[in-house]
Amino acid sequence: MVEGVGIEGNTLPFSVFSWLKSLCLDESTVVDDRDDTDIEVGATHFMQLGSVRGRETIRFSHYVGVLQSPCGFQIEILPKTGRIDGTPAQSRDLVLRMLACLDDMPAIECGSADLAHFNTLLEWLMGRFLKACNTVLKHGLRSTYVEQEENQTYLKGKLLAAQQLRHNLVQRQRNFVRFDERLTDRPENRLLRSALECVASQSQNEFNLKLCRELRFAFNDVPASCSIKRDIKDIRLDRGMGYYREAIDWCKLVLNGVTPFSQLGNDMGISMLFPMHTLFEALVEKCLRRQLPPQMSIKSQGAATSLVTHRQQNWFRLKPDLQLFEQKKLIAILDTKWKLLDTAKGNGTDKYGLSQADFYQLFAYGHQLLGGNGELFLIYPKTASFQEPIAATFCFSESLRLWVVPFDLERERVIWPAAMTLPLDAVIGNSH
C-alpha cells in the first residue's frame, strides 16, 4: 500500500494516491483563455509524478487550496513561506488574506477567530457559506409568485377550457385551473438548498454538519435545483434582497468549486484550487495602493502590447503584472513571482535562484513599454534567506535597470532599495 504522510500526520490512502497518479498521467488538456490567450494546461501543470528512494511521489506546485477526491478525502495544499517555525494555521491565514484581495471572491474577514475551529480551508469556506445562509434565514426566505396548473375540486384562478374538456369531460365536479401561488420555490432558494445538500455530503466538521442539519430543516419546503447553470443564470436579487448576496456568492463556490482543469471530472467532491501567482499579485497590488504617495498610481494587468508584428498581426503579447505611473506617465514595471530566493547563493551557478526566463520577460517589458529607459522590479516573498533587496542592480543598459526586492508577508509591504531613482523617499523610509 502506498501512503503519504501529511504535515499533520494524516496518511494518504492508496485509492486516493492512485486517483492522483491517474490525473498526472492523463495527457488531456484544456484551453485556458481567461487572459485572452490560448494556454494549454493540464493536471501536470500543478502535479508532478516523481520518485524518491524508489517510492513514487506526487509534488504539487503553482496552486494552493483543497483538492477533494471522489471518495471524499481532502488534500490541503498550502504555500511554502520559507519560515522554519511556520504552522499550517499561519499558511491558511496567508491564503485567506490573499483571497480577500481578489475582486471576484466573496467578502472574507481576515484574521477571523473562527478559522481555528476548522482543520482545512475547505471546511472554513463551507462554514462561511453556512453562516451566510443562516443570515438569510434570519431575515426570512423571499417568496415569489409561481404559476401553477392543477386539476382541482374547486375553482381558483383561471379555468383552462381546453384542458377542462380533455381531462374532465366525465368528472364534471373537477376544474382544471391556472393560478399564481406565492412560494419560496425560486432560483436563489433552490441554489441555497442544493449547496446545503452538497455540504451535508462533503463536510467532515461537526460544527458545520450540525448547522447544516438545522438549515436543511428550515429549507425543507424548497426543492433542490434541477439545473444549477440555469438557476445561476436566472438569479434576480429584487429590492430588499441585499442580504442574499453574500450567501449566493459562497453558494456558487460550493456548487461549482474553483478548478482550472476539466479532467478532474464531475465525480469528485468540492475542490478549490487557486493559482498562487495570481494570489500573490493581488496581495502586492492591494498593499501598494496603500503604500504609494498620492501623485503615483498603479495599474494591474494594463493594456497589453506585443513583442513583434508579423504580416500586420501582433504576436507574443506582453502584459506585465503591475505598472507604476506618476501623473499618468509610466515610470516603472513591476512583476511578482511566488518563488523563494536565497541571497547566500549569489554566484554564477545558482544566481540566487532567479529564472533566466523572467529576465528575458522583463527585458522585453523594459524595451517595449519603457522605451529602454526606466526601472524594473521583480518582487518575491520575503523569507529568512531573502530579507533585503539585492543591493546590486541588474543592468540591461545604462538607462534600464532591474531590481530584485522582497515583499514582507507579515507587514504587507514592499521593501524598496534605497538606491533606486523612483520618487518614493517617504515609502522607502517606512518600508524598513
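Shown above is the structure to which this text applies.
Described below are features of the structure shown in this document. Being a predicted model, the structure only gives us computed values, none of them experimental.

Some words on the side chain of Thr-336
For step 1, the next point in the chain: Topologically, Thr-336 is positioned in strand 15 (residues 329-336).
For step 2, the next point in the chain: The exposure class assigned to Thr-336 is buried, which follows from its relative accessible area of 0%.
For step 3, the next point in the chain: Ignoring sequence-local partners within four residues, the contact set of Thr-336 consists of His-277, Phe-280, Glu-281, Val-284, Asp-321, Leu-322 and Ile-379.

Some remarks on the packing of aromatic side chains
For step 1, the next point in the chain: Following the criterion strictly, the structure yields nine aromatic pairs and no others.
For step 2, the next point in the chain: Both rings, one in Tyr-243 and one in Tyr-244, keep their centres 5.2 Å apart while their planes meet at 45°; by these two values the pair is tilted.
For step 3, the next point in the chain: On the basis of relative accessible area, Tyr-244 is assigned to the buried category, the value being 0%.
For step 4, the next point in the chain: On the numbers, 6.2 Å between centres and 85° between planes, the contact of Trp-315 with Phe-316 is edge-to-face.
For step 5, the next point in the chain: Residue Trp-315 is classed as partly exposed on the basis of its relative accessible area, which comes to 37%.

Topic: the packing of helix 3 (residues 121-139) against helix 8 (residues 245-256)
For step 1, the next point in the chain: The contact between helix 3 and helix 8 brings their axes to 8 Å, and the two run at 145°. For the pair helix 3 and helix 8, the sense of crossing is left-handed. Note on element contacts: helix 8 touches helix 3 through Glu-246, Ala-247, Trp-250, Cys-251 and Val-254, opposite Trp-124, Leu-125, Arg-128, Phe-129, Ala-132, Cys-133 and Val-136.
For step 2, the next point in the chain: Partitioned by chemical class, the residues of the contact of helix 3 with helix 8 number 10 nonpolar, no polar and two charged.

As for the sheet that holds strand 6 (residues 74-77)
For step 1, the next point in the chain: The strand order 6-5-10 describes an open sheet built from three strands, whose pairing is antiparallel. Among the strands making up the open sheet, the edge pair consists of strand 6 and strand 10 (272-275). The mean angle between the axes of side-by-side strands here comes to 10°, regardless of whether they run parallel or antiparallel.

Definitions and cut-offs
- Residues numbered from 1 in each chain as written.
- Predicted model: local features only at pLDDT ≥ 70, side-chain atom pairs only at ≥ 80, totals over all residues.
- Heavy atoms only, no water.
- Helix = DSSP H or I, 4+ residues; strand = E, 2+ residues; numbered from the N terminus.
- Buried < 20%, exposed > 50% of the residue type's maximum accessible area, 1.4 Å probe, protein only.
- Contact = heavy atoms within 4.5 Å.
- Phe/Tyr/Trp six-rings, centres within 6.5 Å; stacked < 30°, edge-to-face > 60°.
- Axes fitted to C-alpha atoms, helices over the stretch in contact; angles between N-to-C directions.
- Left-handed = near helix turned anticlockwise from the far one by under 90°.
- Nonpolar A, V, L, I, M, F, W, Y, C, P; charged D, E, K, R; others polar.
- Pairing = 2+ DSSP bridges.

From the geometry alone we can't say anything about function, so treat these as descriptive.
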